[in-house]
Each structure stands twice: as C-alpha cells, then as structure tokens.
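This is what each chain is made of:
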There are 2 protein chains.
Amino acid sequence: MKIILDAMGGDNAPLAIVKGAVQAARSQDDEIVLVGPKQELTEILESVGTSGLVGKISIFPASQVISNDEAPVKAVKTKTDSSVVVGANIVRDGLGDVLLSAGSTGALLAAGFMVIGRLKGISRPAICSIYPILGKQPSLLADAGANSDCKPANLLDFAFMGSAYMEKVLGRENPTVGLVNIGTESKKGNALAQKSYELLEKSGLNFIGNVEARDIPRGVCDVIVADGFTGNVILKLTEGMGIGTLRYLQSNLEAEGAMKALGSLKKEFDYSEYGGAPILGLAKPVMKMHGSSDEKSVASAIRVAADFARGGVIEKISGVAEK
Amino acid sequence: MKIILDAMGGDNAPLAIVKGAVQAARSQDDEIVLVGPKQELTEILESVGTSGLVGKISIFPASQVISNDEAPVKAVKTKTDSSVVVGANIVRDGLGDVLLSAGSTGALLAAGFMVIGRLKGISRPAICSIYPILGKQPSLLADAGANSDCKPANLLDFAFMGSAYMEKVLGRENPTVGLVNIGTESKKGNALAQKSYELLEKSGLNFIGNVEARDIPRGVCDVIVADGFTGNVILKLTEGMGIGTLRYLQSNLEAEGAMKALGSLKKEFDYSEYGGAPILGLAKPVMKMHGSSDEKSVASAIRVAADFARGGVIEKISGVAEK
C-alpha cells in the first residue's frame, strides 16, 4: 500500500511524524509518502537516517500548513498547496491508497469531503474512534465527533460503516452493534435514539439493542453507535476519567507493585496503541491521528492505515450503501 | 423539618429504608414520616428498635407500591394509595417539607409533576445529580436524565436551578456554571448547545462557558449543564469507568498499600455519601435516592433532604423564574 502522510499536521510535526514514518518503513512493506515542504523534510530525513529505505519513503512537496485555529472549510478552499489538501488530491487521483494526518480534524474532514468526496449512498462521513476496553479487545465508536446534529439515517450509516471497519480491518466477525441510550428498552431515550433503534432493528446488522453508557467501558459491543455530540462526550469523558483516576492513584499509591499495575493500566488506556481513527463515508480511505501523536503512535497509525487501505472497507460500505 | 420518606421504594425497601430512617432520627433533629403499609412498617420498626425516638419517627399509611416496571404516568394515576403518591399528597398539602424516595424515578417525577406541580416559570423539572470529583468537592449535574429532548430555555432553567441548589444547600458561593459541549469556543457543538450558550451568556449566572467532557472529572465547574440525554450518558459512563477501573486494578494489584488507596478511591466514587438527587423545578422539595440505597445512604439522604427543605432553594428558584 502507498500511504500518504501529512507530515505537517499535529503538535509534534514534522519531527515526530517523519521519525514515525521512518520507524514504520523499517518494519512494514508499504511505501510512505511524506507531504510537506521538500527542503525541511529532506533535512529531517537526513538527520534521522534512511539507509536501506530506498523506494520505501519519499517526499511530495506542499508549501502550506493548515493550523487548528483556522476555519476548516475556508482554509481548505484557500490553501490549495497545504499538506492536507495536497495529500487529499493524491489519494483522490489514485496515486496513493490512504491519507493519514494528525492535523486539524476539521481540515481533514473538509479536505475529505471537498477533495475526495463522499461515498455514494452515505449521508455523512463519520470519525470512528477506537475505544479501548480494559483487559479486552477495543470497541469502535461511531460517530466520535464529526456530526453534532444527526438524523436517524445518519446513525444507521454509522452502524454500517463501523461494522465494515471492525470486520475488515480488526477482523471481528459479524460485529455486534449497540446504540447508546439512557435505558435498554426500545422506547427509551430521545426522539433520535427511538427512531434510530427502529432502523437498526431492521438493518440486518448484528444489532444487540440499546447500550447504557455504564456498560460501554466493559466492552458490551463491537460497534458503539451515537450521534457525534454524544460520541465525542463519551470519548472525552473516558479520557478525562482515565487520566483523573491515574493521577489520583499515583499520588495515593506508593507500593512498587502498584506502580507496575498503574503502568499496565496506562497502557490499556493508551489510544496510540491502536493507531488512528478512520473517517468512514468518504470515497477513499482517510485516517486521523491524535494531535499529540509521537513517533511511536505515528508508526502504529501507519501500520493500521495500511490495513485500512488493503482491507476492502470502502468496497464493503459502498456495496451496502448503494443497495 | 418534616421529611416524608417513601418506605416502599428501592431495591432494599422497606428494611434498609426504615433502618436508615432510624439511624437518621438518632443523629438529627428532624421528624421523619415513613409512608407505607402500617402493619409491615410497625413490625420492622419494632424489630429495629426505636427507644428514645418518640415523636421523631412515625408512619403514614399507604397500601400500594409502584414498581420500576410500571408505566409511571399510568401508575401514578391509578395507584392513588401508593407510597409515592401518598407522600406527594402530604408534601403538596404542606403537611411535610420534602418528599424522599428510592423508588422508580419515573414514578417520582410523575408524582412530582402531577401531584405537587411545577414551579411557576419553570418549563421542565430536572433531576440534579451530585457528581463526585476525586479529591475535591463534588459538582452538580443538571439535568441527569429527566428530559431526553430539550430546548435551550430548558437548559437555562437547569442552570438557574442547579446554581440555587449549590448555593443554598451545598453552600457554594456564586457557583460556576459550565455548558457541556464538544469544544470550548462559543460556536461549537450542536444547535442546542450553540443556542443555550447564548442564553447562558446573558443569564447573569456565573457562566464560565463551554466545558469539554474530559474536564468534567477534575471539577471544572460547580454546575454542569446538559440536556438529560447527555447528562445521563455522563453520569452512567462515569459510574462504569469508575467500576471498571477499580475492578481492573483490584485484580492487578497485590500490595497492601495499594488496596488501601483503592479503598479511598472507592469512597471517592461513592455517590451514597452525598445523599440523594434533588428534583428541581417542582413547587416543593422532592429528592431521589439511588435505587440500591442501603441503610447508610438512606440516613445520609435524609440529612441532605432536610438541608434541601430548609435551604430556601425553592424560594430562590421561584424568585428568579417569576421575573
């Protein structure tokens, strides 16, 4: 696979991105294209060292960068030589298999939407975030924040897309789908949840019904379906609870064995282990990394991005959506 | 204060409720009225022992019970001699100062709405739940689940009511109010959040702006405002994360000091320490206890209910709402 990597996006760009790319290039067979200012990226590559990586890592020039502070749609329209827009062009034109960025989520979504375009039959692309489960395989949260106001048909799409990703990329057979709600009975919740329940029930997916938020952390289903507002609240609250609990215990625990257990807990909460979050519903694979991604998480995201690109996810979603 | 206690509501009723009432009666000056079947409650009181409690604890007869499985509105309409409806009648008629129940939340809300009535000027009563913060004073979450679909004016009411409760009952001066949103900028989030932001900004409350879910567990504001769907997801996810993390650590920690720290963490997460959740927006004080309340949490809720009744919360809300 040919991975198109936005070298300029993220808090630690471009250094951590380039280092992560080099690390990935040494451990997997895919080709990585760094998108960004040629001179700057060349110098970093030289200082990091790329011996033995001929043909596996290259640079595609882009002179501009879109920051987190910029209005995404306007920035994508005007900064046509920015790393994320150039990367999106490459993938749209079939010269790369997947676009990966740790930069502004809004800009990546806008570039995905405006440059690569939606998949036919999909109303709204969604950010699908890996949701870590203590001691178990992770779930997938769809949508994790791309769509604040949703209709029931959007949630149905999220469920289809999330299922396809879990099956094709994470190898989960016949993945279970749960709808986030404030009670388990079918008539519970707000109007959106009630109508989405009806659609999911008839979807042919492995729908297990409503799931309450208290059951999400124990991995009650493979795909957690929610509108992007609720999904984002779930993702960030989980992060905040994890961090808060760790800090509290660290300042209240002294025993050595305890610190070891905390270390393993921290690792369980470590989203970076799972690479990036796929943006599903676009015509080509696009993946978002955490803004604070470091070398290790970039390398890990590149591995997952390659799996995403070769997994047939888009084809699967497309096959269902066009029916 | 005269506390009207639904003796038949909750998983451990009536035994834990009566025991909690006796415990509270021994430690505070308020009068407690147990509502339920006279014969059954008398026998429990005799077996528990009430020496020295003359005039502090009494029984008001009610022959029926509403369970969690019943449709709340229908049950309240038809079971006119149920403990929760009889209790609501007592409080409405001014023969008691506050109604406290661990039974069906829906039935308590329906009884509050239909028997006691709304406060003039308040669109929707809300369940306001104490939200525990590790190592700090708790926040208050409004709404925690009474209203699944909300309008901006509802959220404004929740903010007013929550602030009044925090000030009058928990003694928090000029409490800070935060709006749950998926970004901190004023234009972030769904349509509800954006419009609610505008109302809160002009409210005269101590509004600190949007709060992201990741910052809630560190106690970023006194009153956390959200629609009831989002609020309930927050409350239950917090519970699930707390339980999940504790279980994980318990099975991964061996050192003795660690178990002690976990014990203190468990205590921090223990909602029962904070008594019940006030239902604000009704013409009289009504408070919900957790369904699984035990003796200790009942006693603690009775103490808080008395504070609620004597605190002038209703007057404060009423003064603002009628303007």
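In case you missed it, the structure is sitting above this.
Residues numbered from 1 in each chain as written. Chains lettered and ligands numbered in written order. Predicted model: local features only at pLDDT ≥ 70, side-chain atom pairs only at ≥ 80, totals over all residues. Heavy atoms only, no water.

## Side note on the interface of chain B and chain A
- Between chain B and chain A, the residue contacts involve 45 residues of the former and 45 residues of the latter.
- Both sides of the chain B and chain A interface together cover about 3,800 Å² of buried area, and 73% of this is carbon and sulfur.
- For the pair chain B and chain A, the interface holds four salt bridges.
- For the salt bridge of E212(B) with K236(A), the shortest nitrogen-to-oxygen distance reads 2.3 Å.
- Taken together, the links from chain B to chain A amount to ten residue pairs in polar contact (both at pLDDT 80 or more).
- For the side of chain B that touches chain A, the secondary structure elements donating two or more residues are α7 (191-201), α8 (228-250) and α9 (256-268) of chain B.
- Element by element, the count of residues in the side of chain B that touches chain A is highest for α8(B), at 16 residues.
- In terms of residue class, the side of chain B that touches chain A is built from 23 nonpolar, 16 polar and six charged. (Contact = heavy atoms within 4.5 Å. Buried area = accessible area lost by both parts, 1.4 Å probe. Salt bridge = Lys/Arg side-chain N within 4 Å of Asp/Glu carboxyl O. Polar contact = N/O pair within 3.5 Å; in protein donor to acceptor, adjacent residues only side chain to side chain. Helix = DSSP H or I, 4+ residues; strand = E, 2+ residues; numbered from the N terminus. Nonpolar A, V, L, I, M, F, W, Y, C, P; charged D, E, K, R; others polar.)

## Observations concerning the state of the cysteines
Residues and elements named next belong to chain A.
- A complete count under the given rule lists zero disulfides over all chains for this structure.
- There is no disulfide at C221, and the cysteine sulfur nearest it, in C128, is 13 Å away.
- With relative accessibility at 4%, the residue C221 sits in the buried group. (Disulfide = S-S within 2.5 Å. Buried < 20%, exposed > 50% of the residue type's maximum accessible area, 1.4 Å probe, protein only.)

## Some thoughts on the side chain of T230(A)
- Mapped onto the secondary structure, T230(A) falls in helix α8 (residues 228-252).
- Overall, T230(A) belongs to the buried group, its relative accessible area being 3%.
- Leaving out residues up to four positions away in the same chain, T230(A) has contacts with V180(A), F229(B) and V233(B).

## A closer look at the environment of A226(A)
Residue and element names in this part refer to chain A.
- Among the secondary structure elements, A226 is positioned in the loop between β9 (223-225) and α8.
- The spacing of A226 and A144 is 82 residues in sequence and 7.8 Å in space, taken between C-alpha atoms.
- When sequence neighbours within four positions are dropped, the list of residues in contact with A226 reads A142, D143, L155, F158, V180 and G231.

## Looking at the relation of the copies chain B and chain A
- Under the fitted operation, chain B is carried onto chain A by 0.0 Å of movement along the axis and a turn of 180°, and the coordinates agree to an RMSD of 0.0 Å. Viewed as a symmetry operation, the transformation between the two copies matches a two-fold axis.
- Looking at chain B, 100% of its interface residues are interface residues in chain A too, so the copies touch through the same face. (Least-squares fit on C-alpha atoms with pLDDT ≥ 70 in both.)

## Points about the pattern of salt bridges
- Per the counting criterion, the structure on display carries 20 salt bridges over all chains.
- D307(A) serves as the salt-bridge partner of R310(A), at 2.9 Å between the closest nitrogen and oxygen. Taken together, the residues span about one helical turn, with R310(A) and D307(A) both in helix α10 (residues 295-310) at a distance of three residues.
- For R310(A), a relative accessible area of 47% corresponds to the partly exposed category.
- Owing to a relative accessible area of 27%, D307(A) belongs among the partly exposed residues under this scheme.
- In this structure, K79(B) and E70(B) form a salt bridge, with 3.0 Å as the shortest nitrogen-oxygen distance.
- In this structure E70(B) comes out as partly exposed when scored by relative accessible area, which is 24%.

## Quick notes on the packing of α8(A) against α8(B)
- As a packed pair, α8(A) and α8(B) sit with axes 10 Å apart at the nearest point and diverge in direction by 35°. The way α8(A) lies across α8(B) gives a crossing that is right-handed. Side by side, α8(A) and α8(B) meet where F229(A), T230(A), V233(A), I234(A), L237(A), T238(A), M241(A), G242(A), T245(A) and L249(A) of the first sit next to F229(B), T230(B), V233(B), I234(B), L237(B), T238(B), M241(B), G242(B), T245(B) and L249(B) of the second. (Axes fitted to C-alpha atoms, helices over the stretch in contact; angles between N-to-C directions. Left-handed = near helix turned anticlockwise from the far one by under 90°.)

## Details of the sheet that holds strand β3 (residues 57-61) of chain A
Residue and element names in this part refer to chain A.
- Taking strand neighbours across the sheet as the criterion, the eleven strands line up as β3-β2-β1-β4-β11-β10-β5-β6-β9-β7-β8 in an open arrangement whose pairing is mixed. In this open sheet, the two strands that pair with only one neighbour each are β3 and β8 (206-211). Neighbouring strand axes in the sheet, compared pairwise and without regard to direction, differ in orientation by 25° on average.
- Lying on the sheet, helix α6 (residues 152-168) is in contact with β5 (126-131), β6 (139-142), β7 (176-180), β9, β10 (277-280) and β11 (286-288); it crosses β9 at an angle near 165°.
- Running over the sheet, α10 touches β1 (2-6), β2 (31-36), β4 (98-101), β10 and β11 and is turned about 155° from β4. (Pairing = 2+ DSSP bridges.)

## Let's talk about the sheet that holds strand β8 (residues 206-211) of chain B
Residues and elements named next belong to chain B.
- On the basis of which strands lie adjacent, the open sheet formed by eleven strands has the order β3-β2-β1-β4-β11-β10-β5-β6-β9-β7-β8 and mixed pairing. The open sheet has two edge strands, β3 (57-61) and β8, and neither has a second partner. In this sheet, adjacent strand axes meet at a mean angle of 25° when their direction is disregarded.
- Two strands pair when backbone bridges link them, and strand β5 (residues 126-131) and strand β10 (residues 277-280) are joined in this way by two bridges, in the antiparallel orientation. By the bridge assignment, A126 is partnered in β10 with L280.
- Along the sheet, helix α1 (residues 15-27) contacts β1 (2-6), β2 (31-36) and β3; its crossing angle with β2, the most-contacted strand, is approximately 170°.
- Seen against the sheet, helix α6 (residues 152-168) touches β5, β6 (139-142), β7 (176-180), β9 (223-225), β10 and β11 (286-288) and runs at an angle of roughly 165° to β9.

## Thoughts on the packing of aromatic side chains
All names here are of chain B.
- Applying the stated criterion across every chain yields a total of four aromatic pairs over all chains.
- Between Y165 and F308, the aromatic rings sit 5.3 Å apart at their centres with planes inclined by 80°, giving edge-to-face as the arrangement. Placement of Y165 in helix α6 and of F308 in helix α10 (residues 295-310) is noted, with a sequence separation of 143 residues between them. Taken as a pair, Y165 and F308 share a single burial class, namely buried.
- When the ring of Y197 is compared with that of F207, the centres are 5.2 Å apart and the planes differ by 75°; the resulting orientation is edge-to-face. With a gap of ten residues between them, Y197 in helix α7 and F207 in strand β8 connect regions that are remote in the sequence.
- According to the relative accessible area criterion, Y197 is buried, its value standing at 12%.
- Exposure remark for F207: the relative accessible area of 17% places this residue in the buried category. (Phe/Tyr/Trp six-rings, centres within 6.5 Å; stacked < 30°, edge-to-face > 60°.)

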